[in-house]
Amino acid sequence: MDYRKIFSQWKTDDSILEEYRKELSLLTDEKDIEDRFYRELEFGTAGLRGILGAGTNRMNEHTVGKAAEGFSRYLKKKYGSAKVAVAYDSRIKSPEFAKISARILASGGHHVFLYDSLRPVPLLSFAVRDLKCQGGIVITASHNPKEYNGFKVYSGYGGQVTDDEAKMILEEIGNIKSYSGIKAMDYDEAVKEGLISIIGKEVDDKYRTLMEGLTVRKSMVKDHAPELKIIYTPLHGSGLKPVTGLLTSLGYEDLTVVKEQAEPDGTFPTAPYPNPENPEVFELALKLKEKIGADIIFATDPDADRIGLIVTDGAGNNRVLTGNQTGMLLTHYLLMSLEEEGKLPDDAAVIKTVVSTDSVKKICDSYNTTLFDVLTGFKYIGEKIEEFIEKKSHTFIFGFEESYGYLVGDYVRDKDAVVTSMMVCEMALYYKLKGMNLWDALISVYEKYGFFEEGIISYTKKGIEGAALIIKSMDFFRNLELKEIMGSPAVKKIDYLTGMIHDLKTGTVSATDLPSSNVIKFMAEDDSWFVIRPSGTEPKMKAYMAVKGNTLEDAEIKNASFREYVDMLVKKSFGETE
């Protein structure tokens, strides 16, 4: 249907909330109208994410309600009556979207466990497992700006829904032809009838106790935790209570929270882009450091599934560690500590994504630990953990992705900045007692295993034209034949969409044994590589790259040149250069 017709329908349909009809009546920009209505907000492999506002291509009670109804129908077909946990973060409209989702699920005959206030992603994942639910929903847009919100869907094992499940949910959503046909049970009536139950602190307490048990060097933490000086910022999100609660319970007494960023606030007044990989979000924390000092500074994003660290390098400069550097440090610290404590199992396993640092291969080899590569997206790490348990094949130790997501232990099936905050504090304490900070530790790991340097470039391409450009770019790289990459012979091209690994030296082709995904990777003989993939949650295409140098400075210089090379190829794919 023409976007103009849908726009007119929304303005006059009584089933559309008045606030949205009023918003639409004020619109005059044709491009804005087109962008709001040219398509339905896409339900990706994890759910919805988009800009808040009126329209079929926006996050609002109607698009969220349609997704919740589709999920409800999927659960009804599969289970009859299911149990579903629902959580939400500090974003604008998050409580409203959580409540309408709960009411729609209750209307479908499902039993909903709704958190009594905001909670981070890991606690939703934990609740799904702890309460033996068949599904879960968390309302969040992770680290996106304030204009965004999202609707993430979880399987019964606590991980984001699998590709197959997402397709089936999408099919159910596609069968819903009218918003007016979606029924939402009265909230008070649903509570009275026991179809909506409120989750309080009992699940939080159980989670905290289990996370405390994941401490590796228990005696060290018990005896020395008060000696570590910590500055933490939750960036106006959901991390404040769970993070500070866990750390203080372990004895980390010298813990200072950045007060200007402590309280939940979906407008993110001091951090417009609340991403812990963004140096600007640490400005207030660094001012606080000047006054009181700190051994470690870290931030969690609004839904507390990502964490970023600030360290002081040898020249006295403050640096935000990359997601890969933190992943490398934690991999090394965990394996080293478990071995020294006599707790490293023979079947230990670490999982990373295909766009994350290769440095951990050597680390895992040195501790006789198996490293698994999975597709981009933490749900694939969650799926792999589940596979280990089902097959009784490996013991999961740690998983990470370069985008600042980490998981220790298998109580949760998504990235968890709460337990990671505990582990980075333990790691910082260990090195402090050795007279080192985390930068010193990073250099020591580099010196032992090699100087790896990685990077990423994001290309935002909005609207219909942008979506077409991203498709054009992926086709370009899919058909690109490279003989060399920055002077080094090209050795492999992996197309994860077709599942084929092309050995460019021998001409042989083999299978990836991974699910199909629109990702392409090129690898060179000198251990450098780059990956191209469209974002699954934003109007972006991303280019990932990695090099290996003889020193850290050498790796940084190589990476800068490699970045220019990859950027040139991407711009060429968009038709921006010849």
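None of these values were measured; they are calculated from a predicted model.

A. Region of interest: the packing of aromatic side chains. The tally for this structure, following the rule as stated, stands at 20 aromatic pairs. Here the aromatic rings of Phe398 and Tyr406 are separated by 6.3 Å at their centres, their planes lie at 5 degrees, and the arrangement is stacked. Residue classification places Tyr406 among the buried residues on the basis of a relative accessible area of 1%. Ring plane angle 90 degrees and centroid distance 5.1 Å describe the contact between Phe476 and Phe477, whose orientation is recorded as edge-to-face. Assessed through its relative accessible area of 22%, Phe476 is described here as partly exposed. Three or more aromatic residues link up through ring pairs in this structure, and these residues are Phe476, Phe477, Phe522, Phe530, Phe562 and Tyr565. Its guanidinium or amino end placed over the ring of Tyr187, Lys99 lies 4.2 Å from that ring's centre, counting from NZ or CZ. In this structure, Lys461 is placed above the aromatic ring of Phe574, and the distance from its NZ or CZ to the ring centre is 4.5 Å.

B. Up close: the sheet that holds strand 14 (residues 395–401). Strands sit in the order 13-12-14-15 across an open sheet of 4 strands; the sheet is mixed. Either end of the sheet is taken by a strand with one partner, and the two such strands are strand 13 (370–374) and strand 15 (405–408). Strand-to-strand twist of the sheet, defined as the mean angle between neighbouring strand axes without regard to direction, takes the value 20 degrees. Direction of pairing for strand 12 (residues 348–353) relative to strand 13: parallel, over a ladder of 5 bridges. Following the sheet pairing, Val350 is matched in strand 13 by Leu371. Those strands touched by helix 13 (residues 323–340) are strand 12, strand 14 and strand 15, and its axis lies near 165 degrees from that of strand 14. In this fold helix 14 (residues 359–366) packs onto strand 12, strand 13 and strand 14, with an angle of close to 150 degrees to the strand it touches most, strand 13.

C. Highlighting unusual backbone geometry. The backbone of Phe268 sits at a positive phi, close to 45 degrees, despite the residue not being glycine. Residue class for Phe268 comes out buried when judged on its relative accessible area of 1%. For Asp527, which is not glycine, the phi torsion reads 75 degrees and is therefore positive. The topology assignment puts Asp527 in the loop between strand 21 (520–524) and strand 22 (529–534). Asp527 gets classed as partly exposed once you look at its relative accessible area, which sits at 44%.

D. Structural view of the pairing of strand 10 (residues 307–312). Of all 6 residues making up strand 10, 5 are buried, and the element is well covered by its neighbours. The pairing of strand 9 (residues 296–300) with strand 10 spans 4 bridges and is antiparallel. Directly across from Ile297, in strand 10, lies its bridge partner Ile310. The antiparallel hairpin formed by strand 9 and strand 10 contains 6 residues in its connecting segment, where Ala304 sits at a positive phi of about 50 degrees.

E. Region of the structure containing the pattern of salt bridges. Following the criterion strictly, the structure yields 42 salt bridges and no others. We note a salt bridge from Arg36 to Asp32, for which the minimum N-O separation is 3.2 Å. Here Asp32 and Arg36 lie together in helix 3 (residues 30–37), a separation of 4 residues that amounts to about one turn. Among the residues examined, Arg36 registers a relative accessible area of 9% and is labelled buried. Judged by relative accessible area, which is 24%, Asp32 ranks as partly exposed. As a salt-bridge pair, Lys206 and Asp130 come within 3.1 Å of each other at their nearest N and O atoms.

F. Focus on the packing of helix 13 against helix 14. Interhelical geometry of helix 13 versus helix 14 gives an angle of 0 degrees and a closest axis separation of 10 Å. When the axes of helix 13 and helix 14 are compared, the pair comes out roughly parallel. Where helix 13 approaches helix 14, its residues Gly327, Met328, Thr331, His332 and Leu335 are matched on the opposing element by Ser359, Val360, Ile363 and Cys364. Of the residues in the contact of helix 13 with helix 14, the class split is 5 nonpolar, 4 polar and no charged.

G. Helix 7 (residues 163–174), seen in detail. The terminal C-alpha atoms of helix 7 lie 16 Å apart, and with 12 residues this matches the ideal 16 Å at 1.5 Å per residue to within 8%. Those residues of helix 7 that fall on the buried side of the exposure criterion are Asp163, Glu165, Ala166, Ile169, Glu172 and Ile173. In this fold, the buried residues of helix 7 make contact with helix 4 (61–79), strand 5 (148–155) and helix 15 (378–391).

H. Quick peek at the packing of helix 6 (residues 121–130) against helix 9 (residues 201–212). Closest axis-to-axis distance for the helix 6/helix 9 pair is 10 Å, and the angle between their directions is 100 degrees. As judged from the angle between their axes, helix 6 and helix 9 are roughly perpendicular. Two secondary-structure elements touch here, helix 6 through Pro122, Leu123, Phe126, Ala127 and Asp130 and helix 9 through Val203, Asp204, Lys206, Tyr207 and Leu210. Grouping the constituent residues of the contact of helix 6 with helix 9 by class yields 7 nonpolar, no polar and 3 charged.

I. Seen up close, the sheet that holds strand 10. Strand order in this open sheet of 5 strands is 8-7-9-10-11, and the pairing throughout is mixed. Here the strands that pair on one side only, and so sit at the sheet edges, are strand 8 (255–257) and strand 11 (318–320). Taken over all neighbouring pairs, the strand axes of this sheet differ in orientation by 25 degrees on average, direction set aside. In the packing of helix 12 (residues 283–292) onto the sheet, the strands contacted are strand 7 (230–233), strand 8, strand 9, strand 10 and strand 11, and the crossing angle to strand 7 comes to about 160 degrees.

J. Geometry of helix 18 (residues 463–479). Its 17 residues place the ends of helix 18 25 Å apart at the C-alpha level, agreeing with the 24 Å of an ideal helix rising 1.5 Å per residue. Turning to helix 18, its buried residues are Gly463, Gly466, Ile470, Ser473, Met474, Phe477 and Arg478. Down the axis of helix 18, the sector holding all buried residues measures 135 degrees, keeping them to one side. In helix 18, those exposed residues whose orientation departs by more than 90 degrees from the buried face are Ile471 and Asn479. Packed against the buried residues of helix 18 are helix 3, strand 18 (488–495), strand 21, strand 22, strand 23 (540–549) and helix 19 (552–573).

The rules behind these values
- Residues numbered from 1 in each chain as written.
- Predicted model: local features only at pLDDT ≥ 70, side-chain atom pairs only at ≥ 80, totals over all residues.
- Heavy atoms only, no water.
- Phe/Tyr/Trp six-rings, centres within 6.5 Å; stacked < 30°, edge-to-face > 60°.
- Buried < 20%, exposed > 50% of the residue type's maximum accessible area, 1.4 Å probe, protein only.
- Lys NZ or Arg CZ within 6 Å of the ring centre and 35° of its normal.
- Pairing = 2+ DSSP bridges.
- Helix = DSSP H or I, 4+ residues; strand = E, 2+ residues; numbered from the N terminus.
- Axes fitted to C-alpha atoms, helices over the stretch in contact; angles between N-to-C directions.
- Contact = heavy atoms within 4.5 Å.
- Salt bridge = Lys/Arg side-chain N within 4 Å of Asp/Glu carboxyl O.
- Parallel < 35°, antiparallel > 145°, perpendicular 65-115°, else oblique.
- Nonpolar A, V, L, I, M, F, W, Y, C, P; charged D, E, K, R; others polar.
- Expected span 1.5 Å × (residues − 1).
- Arc of directions from axis to C-beta.

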